[in-house]
Amino acid sequence: MKNYESFTDIESDLKRLNLERKIALEEMKLLKTEFKEDLKPSNWLSTLLNLAGKYGLYMIMKRFLK
């Protein structure tokens, strides 16, 4: 536990903690927005197309290397 020597020390710690709390809330808002973006069907479609392209390339390479 921290021992304070003056009210200015207490006030500065309270201001710092308040700013840290506000920063954490903004980071949570950003994560929520990013999560919403990740759940959009358009993102699923692009991921699916990327996987299909990689699989297709794998199948083509496999056929040529036989």
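For the structure, check the block above.
First, a word on scope: everything that follows refers to the structure included in this document.

What counts and how
Residues numbered from 1 in each chain as written. Predicted model: local features only at pLDDT ≥ 70, side-chain atom pairs only at ≥ 80, totals over all residues. Heavy atoms only, no water. Patch = residues over 30% accessible without salt bridge, like charges linked within 9 Å, V, L, I, M, F, W, Y side chains within 5 Å. Areas by Shrake-Rupley, 256 points an atom, 1.4 Å probe, with all protein chains shown as cover. Salt bridge = Lys/Arg side-chain N within 4 Å of Asp/Glu carboxyl O. Helix = DSSP H or I, 4+ residues; strand = E, 2+ residues; numbered from the N terminus. Buried < 20%, exposed > 50% of the residue type's maximum accessible area, 1.4 Å probe, protein only. Phe/Tyr/Trp six-rings, centres within 6.5 Å; stacked < 30°, edge-to-face > 60°. Contact = heavy atoms within 4.5 Å. Polar contact = N/O pair within 3.5 Å; in protein donor to acceptor, adjacent residues only side chain to side chain.

1. Describing a nonpolar patch on the surface
Then step 1. Nonpolar side chains collect at one region of the surface, where Phe35, Leu39 and Trp44 lie side by side and expose about 380 Å² of accessible area between them.
Then step 2. Position of Trp44 relative to the elements: it lies in helix α2 (residues 41–64).

2. A closer look at the pattern of salt bridges
Two side chains carrying opposite charge are able to pair once their charged atoms lie near each other.
Then step 1. For the structure on display, the rule yields 5 salt bridges.
Then step 2. Linking Arg16 and Asp13 is a salt bridge whose minimum nitrogen-to-oxygen distance equals 3.4 Å. Residue Arg16 and its partner Asp13 are both found in helix α1 (residues 7–38); the two are separated by 3 residues, about one turn of the helix.
Then step 3. The exposure class of Asp13 is buried, given its relative accessible area of 10%.
Then step 4. Look at the salt bridges and you will find they share partners, linking Lys2, Asp13, Arg16 and Glu20 into a network.

3. Quick look at the environment of Asn3
Then step 1. Along the chain, Asn3 falls in the segment before α1.
Then step 2. Remark: the alpha-carbon pair of Asn3 and Lys36, spanning 33 residues in sequence, is separated by 44 Å.

4. What about the packing of aromatic side chains?
Then step 1. All chains considered together, the criterion is met by 1 aromatic pair.
Then step 2. Ring geometry for Tyr55 versus Tyr58: centroids 6.4 Å apart, planes at 35°, classification tilted. Taken together, the residues span about one helical turn, with Tyr55 and Tyr58 both in helix α2 at a distance of 3 residues.
Then step 3. Take Tyr58: its relative accessible area is 48%, and that puts it in the partly exposed class.

5. Section: the environment of Tyr4
Then step 1. Checked against the element boundaries, Tyr4 lands in the segment before α1.
Then step 2. Once residues lying within four places of it in the same chain are set aside, the contact partners of Tyr4 are Asp9, Ile10 and Asp13.
Then step 3. Engagement of the side chain of Tyr4 in a polar contact is seen with the side chain of Asp13, the distance being 2.7 Å.

Don't take any of this as a statement about function, it's just geometry.
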